[in-house]
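A structural walkthrough
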Amino acid sequence: MTLEEKLSSWTGPSSATEQDKQERTERMIREAIKGHAAFDGCDLSVYSKGSYANNTNVKADSDVDIAVQCREAVYWDEATEGAHPPSGSYTGIWTPARLRSELEIALKSKFPGQVDSSGSTAFRIHSSSARVDADVVPCFGYRYYFSSSNYREGAKVFKKDGKSLVNYPKQQLENGRGKNTRTKQYYKKAVRIMKRVENVMVAEGVHREVPSFFVECLVYNCPDSVFMESTWTKTVERMILHIWQELEGDEPAVDSERWLEVSECKYLFHSAQDWNRQDGRDFVKSAWNYLGYAS
């Protein structure tokens, strides 16, 4: 098999069987939440996120990521003091601890013996012959105010130790779709290629494991023109070269030159991330050598 044939075979999504399992898993999680009496009357939004929702996952990374977002309380931050309009404090029952506790009960009732609650953030539901693994994350509504009438909406996740983080799943979904449209549907295929490259390198002991989301962000930061080459061999070559060259050196001092996550709401590289610029260079260097590109 030529390199072009191999890369072309890696562009597709998970198999139909795998997708059926993903959909069944999501449906059962929704049923667990809907059937839990304690959630009656609570304003909840249950939605898929991550590579599953964005259709960029591959078989080795076919987990389902589900957010259970409580909209009873909305947390907020402001760009400048006074940007957030005056409002009263939330006095209802839905605290982070209460939401996590009730969600755990609901999931364990639906999936007895299959829910791992030891993680700091998500509940892990183990797969079966009819389901894939799933991560279920309790979270709350979140707004970042630039002014009283201009804000960015996201989701605030509280860890068990009280620490928190903010994600922007809606923006990630919209931006991924937008880039895919601009590149005539080649962007997401390119993401799947690079994720499969990572999978096989790990399986063969060529390179350490790299987070799937990080790979997706690296590909997202490549110019749209990269994905318009006439062959996958050339597209992947240009992706690797762009990532390698652009990540050389320290993080730019000018914010507009820094790389962003797919949501474009957070910087890709900062002290709280699980990766750094060198990790990106190491990954594409290994991919370059593994795929047999000339030096």
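Presented here is a report on the structure given in the accompanying data block. Just so you know, these numbers come straight off a predicted model, no measurement behind them. (Residues numbered from 1 in each chain as written. Predicted model: local features only at pLDDT ≥ 70, side-chain atom pairs only at ≥ 80, totals over all residues. Heavy atoms only, no water.)

Thoughts on the overall build of the chain
Going by this rule: Only DSSP runs of H or I with at least four residues qualify as helices, and only runs of E with at least two residues qualify as strands; both kinds are numbered from the N terminus onward. Computation of the radius of gyration draws on C-alpha atoms, with the globule rule given as 2.2 Å multiplied by the number of residues to the power 0.38. Burial status follows relative accessibility: with a 1.4 Å probe on protein chains alone, a residue under 20% of its type maximum counts as buried, one over 50% as exposed, and anything between as partly exposed. We call two residues in contact when some of their heavy atoms are within 4.5 Å. What sets the accessible areas is the Shrake-Rupley method with a 1.4 Å probe; for residues, cover comes only from the shown protein chains. In this tally, Asp and Glu contribute negative charge and Lys and Arg positive charge; neither His nor the terminal groups of the chain are included. By convention, the charge on Lys lies at NZ, on Arg at CZ, on Asp at CG and on Glu at CD.
Counting its regular elements, the chain contains nine helices and seven strands. Relative to the globule expectation of 19 Å for 295 residues, the C-alpha radius of gyration of the chain, 21 Å, shows essentially globular dimensions. With respect to the three principal axes, the spread of C-alpha positions in the chain is 65 × 50 × 35 Å. The buried share among the 295 residues of the chain stands at 44%. Here the analysis covers contacts within the chain between residues at least 6 apart in sequence; of these, 64% occur between residues at least 24 apart. When the accessible surface of the chain is summed, it comes to about 14,700 Å², and 46% of that surface belongs to carbon and sulfur atoms. On the chain, the mean spot of the 39 positive side-chain charges and the mean spot of the 42 negative ones are 4 Å from each other.

A word on the environment of Thr-183
For clarity, the cut-off: Whenever two N or O atoms come within 3.5 Å, that pair is a polar contact, provided that in protein one can donate a hydrogen and the other can accept it, and provided that, for residues adjacent in sequence, both atoms are side-chain atoms.
As for its position among the elements, Thr-183 is in the loop between α5 (169-182) and α6 (186-203). Assessed through its relative accessible area of 0%, Thr-183 is described here as buried. Once the C-alpha coordinates of Thr-183 and Asp-224 are considered, the two residues, 41 residues apart in sequence, prove to be 6.1 Å apart. Leave out the neighbours within four places in its chain, and Thr-183 touches Asp-224, Phe-227 and Met-228. A polar contact of 3.3 Å, which involves the side chain of Thr-183, links it to the backbone oxygen of Asn-180.

A closer look at helix α2 (residues 16-34)
Applicable threshold: Any helix carries an expected span of 1.5 Å times its number of residues minus one.
For α2, with 19 residues, the first-to-last C-alpha span of 27 Å sits near the 27 Å given by 1.5 Å per residue. Here the buried face of α2 lies against β1 (44-49), α3 (50-54), β2 (64-78), α4 (96-110), β4 (123-125) and β5 (134-147).

Re the pattern of salt bridges
Side chains carrying opposite charge are able to pair once their charged atoms draw close together. The test is simple: We define a salt bridge as a contact between a side-chain nitrogen of Lys or Arg and a carboxyl oxygen of Asp or Glu at a distance within 4 Å.
For the structure shown, the criterion picks out 19 salt bridges. Asp-63 is the partner of Arg-124 in a salt bridge, and the nearest nitrogen-oxygen pair spans 2.8 Å. Note that Arg-124 is positioned in strand β4 and Asp-63 in the loop between α3 and β2, a separation of 61 residues in sequence. For Arg-277, the salt bridge identified is with Glu-251, shortest N-O distance 2.9 Å. Placement of the pair is Arg-277 in helix α9 (residues 277-291) and Glu-251 in the loop between α8 (232-246) and α9, with a sequence separation of 26 residues. Residue Arg-277 is classed as buried on the basis of its relative accessible area of 11%.

Observations regarding the state of the cysteines
Heads up, the rule is: Here, two cysteine sulfur atoms that lie within 2.5 Å of each other are counted as a disulfide.
Tallied over the entire structure, the rule returns zero disulfides. In this structure Cys-42 is a free cysteine whose sulfur lies 4.0 Å from that of Cys-70, the closest cysteine sulfur available. For Cys-42, a relative accessible area of 12% translates into the label buried. Of all cysteine sulfurs in the structure, the one in Cys-217 sits closest to Cys-222, which takes part in no disulfide; the separation is 11 Å.

Topic: the packing of aromatic side chains
Worth spelling out the cut-off: Each pair of aromatic rings taken from Phe, Tyr and Trp, with Trp reduced to its six-membered ring, is defined by centres within 6.5 Å and is described as stacked if the planes are under 30 degrees apart, edge-to-face if over 60, and tilted in the remaining cases.
One pass over the full model with this rule turns up 13 aromatic pairs. Pairing Phe-140 with Phe-158 gives two aromatic rings, centres 6.0 Å apart and planes at 85 degrees, and the pair type is edge-to-face. Of the two residues, Phe-140 sits in strand β5 while Phe-158 sits in strand β6 (residues 150-158), which places them 18 residues apart along the sequence. Each of the two residues, Phe-140 as well as Phe-158, counts as buried. Geometrically, the ring pair formed by Tyr-187 and Phe-227 is edge-to-face, given 5.9 Å between the ring centres and 85 degrees between the ring planes. Taken together, the residues span a long stretch of sequence, with Tyr-187 in helix α6 and Phe-227 in the loop between α7 (212-220) and α8 at a distance of 40 residues. In terms of burial, Tyr-187 and Phe-227 fall into one category: buried. One aromatic cluster in this structure is built from Phe-213, Phe-214, Phe-269 and Trp-275.

Section: the nonpolar core
The tendency in soluble globular proteins is for nonpolar side chains to be buried side by side. What counts, and what does not: The criterion is simple. A nonpolar core is a set of buried Ala, Val, Leu, Ile, Met, Phe, Trp, Tyr and Cys residues joined through side-chain atoms within 4.5 Å.
By size, the foremost hydrophobic cluster in this structure holds 36 residues, and its most contacted members are Met-194, Val-236, Met-239 and Ile-240. Among the elements of the structure, α6, α7, α8 and α9 are those that each provide at least two residues to this core. Counting residues per element, this core draws most heavily on α6, which supplies seven residues. By size, the runner-up hydrophobic cluster in this structure holds 27 residues, among which are Tyr-52, Ala-73, Leu-99 and Phe-140.

Observations regarding the packing of α6 against α9
Selection rule: Axis lines are fitted to C-alpha atoms, over the contacting stretch for helices. Their N-to-C directions set the angle, which ranges from 0 to 180 degrees. Here the angle decides the label: under 35 degrees means roughly parallel, over 145 means roughly antiparallel, 65 to 115 means roughly perpendicular, and every other value means oblique. Here the term charged refers only to Asp, Glu, Lys and Arg, the term nonpolar to Ala, Val, Leu, Ile, Met, Phe, Trp, Tyr, Cys and Pro, and the term polar to all other amino acids, Gly among them.
Running from N to C, α6 and α9 cross one another at 80 degrees; their axes reach a closest spacing of 10 Å. On the basis of their axis angle, the class for α6 and α9 is roughly perpendicular. Listed contacts from α9 to Met-194, Val-197, Glu-198, Val-200 and Met-201 of α6 are Phe-283, Ser-286, Ala-287, Tyr-290 and Leu-291. The residue makeup of the contact of α6 with α9, split by class, is eight nonpolar, one polar and one charged.

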